[in-house]
Amino acid sequence: MMSAVKIAENIYWVGAVDWKVRSFHGHTYSTKRGTTYNSYLVVDDKITLVDGVHASFADEMLDNIRRIIDPSKIECIVANHVETDHSGAIPRLLELNPKAKVYGTAKCKEGLHRYYYVPMDFQVVKTGDELKLGQKTLKFIEAPMIHWPDSMFTYVVEDAILMPNDAFGQHFASSERFADEVDQCALWDEAAKYYANILWPLGSIIKRKIEEVVKMNIPVKVIAPSHGLIWRKDPMKIVEKYLEWASGKTRKKAIIAYETMWGATEKMAKKIAEGLADSGSEVKLYNVAETDITDVFTDMLDARGFIFGSSTHDNDMLPSMAAFMELYKGFKAKDRHAAVFGSYGWAGGAVKEIESVIAEAGGVTTLPSISVKYMPDEKELEACRQFGVDFASKL
Ligand code: FEO
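Residues numbered from 1 in each chain as written. Predicted model: local features only at pLDDT ≥ 70, side-chain atom pairs only at ≥ 80, totals over all residues. Heavy atoms only, no water.

1. Re the side chain of Gln170
Checked against the element boundaries, Gln170 lands in the loop between strand E15 (161-163) and helix H5 (184-199). Under the relative-accessibility criterion, Gln170 is labelled buried at 0%. Not counting residues within four places of it along the chain, the set of residues in contact with Gln170 comprises Thr35, Leu187, Glu190, Ala191, Tyr194, Pro225, His227, Gly228, Leu229 and Trp231. (Helix = DSSP H or I, 4+ residues; strand = E, 2+ residues; numbered from the N terminus. Buried < 20%, exposed > 50% of the residue type's maximum accessible area, 1.4 Å probe, protein only. Contact = heavy atoms within 4.5 Å.)

See below:
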């Protein structure tokens, strides 16, 4: 359990650190470093909590709040986002003070009702609305689809603190609360993984929202997201990184993601990689049956080429590859090159199925595929190497 941490005068982190969680969003996201659920307490004439925590951590959050004030004195609860990792503790807060008013977007109001079915005095807010707490003022900025329709940012005007909920977060459990206090490689790895696996399909919305906030001309001294570390030194660095990711900037790099049954498809993968590397392209190989695919998608974020392969099983791709391709479809990657390879015994089918998922997902230029019957011979391995060389020339 972590204590409350002051982040500005009369503003405290009172959230919870989840050291144990190892998967998120229905096992589509591995959280190898755990996570945090960040709640922020603003002590003013109206005592306010911005975001809650997962229900299973409500007691920890309440204990943290008790170190500062009696939680039953919380009058205002800002729900930036309805997802249960942040709203789960709201019913507990309302048990302590049923008169507390909840602030959020119209979609948040609908979502909180549908999740908890508890009565609440809910005030719908829109971009530009302000809530005067006494000395401090909260300004609300709707942020639909960053990353749910209900999402919203809260800005503490006097302290120039942006609380953007899921945006700019990382799944990173730590005893430290600020980004400048932890290992920087681990921090940026987690920030990129978070962007790739949660926000990648929303790049154009993110870019527009950042531009909109910049036009509001509000100073930002601290960015306090709802997961992971708080950005207080050079907070715009993470914003610039988001703009770079959202712009789809890539480099001469190819990711080969495959699954193999008896090793033939893997032999092909290695020869294709050889051709790419010999042609000056960075290349990474991942057997998706043996890899955390969250990491594969993170590595794909700045890669200009994707090469997917599978052996054929029952006229289709192997099951781990099928799960990978199903998630790939949702990423809506753009401006990349893609190609497919695989081995088969008699009828084939995996290559065609992967091609059809790529076509359905769209956004990439496809190059001709390569297939091999049973185990590739020397000539076919050379063809795979040449396939890599040809692919590299497009990157
Ligand atoms: Fe961290 Fe969208 O919830």
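2. Brief notes about the sheet that holds strand E16 (residues 222-223)
Reading across from one edge, E12-E13-E14-E15-E16 is the order of the five strands in this open sheet, with mixed pairing throughout. The two strands at the open ends of the sheet, each matched to only one other strand, are strand E12 (130-132) and E16. For E12 and strand E13 (residues 137-142), the ladder comprises three bridges, and the chain directions are antiparallel. Each residue of the ladder has a partner; that of Glu130, found in E13, is Lys139. (Pairing = 2+ DSSP bridges.)

3. Section: helix H12 (residues 378-394)
Here H12 spans 25 Å end to end across 17 residues, near enough to the 24 Å set by a 1.5 Å rise per residue. Those residues of H12 hidden inside the fold are in contact with strand E17 (251-259), helix H8 (264-278), strand E19 (303-310), strand E22 (336-344) and strand E24 (370-373). Among the residues of H12, the N-terminal cap falls to Asp377, whose side-chain oxygen and the backbone nitrogen of Lys379 are separated by 3.1 Å. (Expected span 1.5 Å × (residues − 1). Polar contact = N/O pair within 3.5 Å; in protein donor to acceptor, adjacent residues only side chain to side chain.)

4. With respect to helix H9 (residues 293-300)
For H9, the tally of buried residues reaches seven of eight residues, placing the bulk of the element in the interior. Two or three places before Thr294, at the opening of H9, Asp292 has a side-chain oxygen 2.9 Å from that residue's backbone nitrogen.

5. Comments concerning the pattern of salt bridges
Pairs can form between side chains of opposite charge once their charged atoms are near each other. Inspection of the entire model under this criterion finds 25 salt bridges. The salt bridge partner of Arg92 is Asp59, with a shortest N-O separation of 2.8 Å. Within this pair, whereas Arg92 is found in helix H3 (residues 90-96), its partner Asp59 is found in helix H1 (residues 58-66), the two being separated by 33 residues in sequence. A relative accessible area of 31% means that Arg92 is categorised as partly exposed. According to the relative accessible area criterion, Asp59 is partly exposed, its value standing at 46%. Each member of the salt-bridge network shares a partner with another, and the members are Arg251, Lys253, Glu282, Lys284, Asp299 and Asp302. (Salt bridge = Lys/Arg side-chain N within 4 Å of Asp/Glu carboxyl O.)

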